[in-house]
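Working through the structure, step by step
One letter stands for each residue in the lines below.
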Amino acid sequence: MDNDKAGLILLHGLGISFGPEALFSAFAHTPVGGLGLSSKTIVKCPKAPHQPVGVLPPTFIPGLQLARSWFNFWMLPGVSVLSPIPGESKEELDEALKKVEAVIEELMSEGVPSENIVVTGLSQGGCLTLWTALHCKYKLGGFVPIVTWLPLAQVEKIPDNPINKDTPIFHMNGMMDPIVPWVPAGKVTEHKMKKVFSNYEFKAIFGTTHTSTAPNPVTTPKLAKWLKKNTTLKFK
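To start, this report covers the structure provided alongside it. Predicted model, so just to flag it, every value in this text is computed and none were measured.

**Describing the sheet that holds strand S5 (residues 169-174)**
Strand order across the open sheet formed by six strands is S2-S1-S3-S4-S5-S6, with parallel pairing between neighbours. With one partner strand each, in any of the chains shown, strand S2 (41-44) and strand S6 (200-205) form the two edges of the open sheet. On average, each strand axis in the sheet is inclined to that of its neighbour by 15°, with strand direction left out of account. In this structure, S5 lies alongside S6, joined through six bridges in parallel fashion. Residue pairing for S6: Met172 is matched across the bridge by Lys203.

Here it is, written out as structure tokens:
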């Protein structure tokens, strides 16, 4: 392994991917307006399959599987985090985790140590980011879930001793987000995660919505500052 190399995995939200990997990689490496990563940080943007998802009922009609979805879920986040019955498919979350671990293994095959890999995601991708923090078999370098919630919050017990229990986690939600409301979705997630994860931080961003929390001119520098301080990603 080459400790001078690092990896960033970006998980898109429900519906569409980030587009061509080269496009989002360019944003991640741009010093002005982007994260300012160096060429030593390899960026991966995996794509979820087109499949039905409960919160979008038309996707169950044959031929209308137009949305990319990491896993099925049928409750909105503000309901799911309080529900004693599942709002997400544990089976499909575990299948999605295998996809993330395959990307981790791809980076490792390129010489990146696992502890130099950071996983981040938006909305449903952030949900999968949290699930990865809980259940990934590899010790990673950081997690950045954005505008998201803890799946199966009242149903699944958080593992007592996950391999990433000391890995830095920076969770960011918008205070004006009607899709993933920071109360209760963000605060319930914070309460649950802090019971086990010693380096978990939750930040509610004033005045931002589901689509404007990140990236934007205010939060992108905050993300870059946190990544520089808490991870081994390589910057220019």
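Moving on from the model shown.
**Description of the nonpolar core**
In terms of nonpolar packing, the biggest core is built from 43 residues, with Ile9, Ile104, Leu140, Met193 and Phe197 touching the most fellow members. Those elements that place two or more of their residues in this core are strand S1 (6-11), helix H3 (90-109), strand S3 (117-122), helix H4 (124-135), helix H5 (182-194) and S6. Discounting residues that sit within four places of it in the chain, Ile104 has contacts with Ile9, Ile117, Cys136, Tyr138 and Leu140. Within the second largest apolar cluster, 23 residues are counted, among which are Leu8, Phe24, Ala28 and Leu233.

Calculation notes
- Residues numbered from 1 in each chain as written.
- Predicted model: local features only at pLDDT ≥ 70, side-chain atom pairs only at ≥ 80, totals over all residues.
- Heavy atoms only, no water.
- Pairing = 2+ DSSP bridges.
- Helix = DSSP H or I, 4+ residues; strand = E, 2+ residues; numbered from the N terminus.
- Axes fitted to C-alpha atoms, helices over the stretch in contact; angles between N-to-C directions.
- Core = buried A, V, L, I, M, F, W, Y, C linked by side-chain atoms within 4.5 Å.
- Buried < 20%, exposed > 50% of the residue type's maximum accessible area, 1.4 Å probe, protein only.
- Contact = heavy atoms within 4.5 Å.

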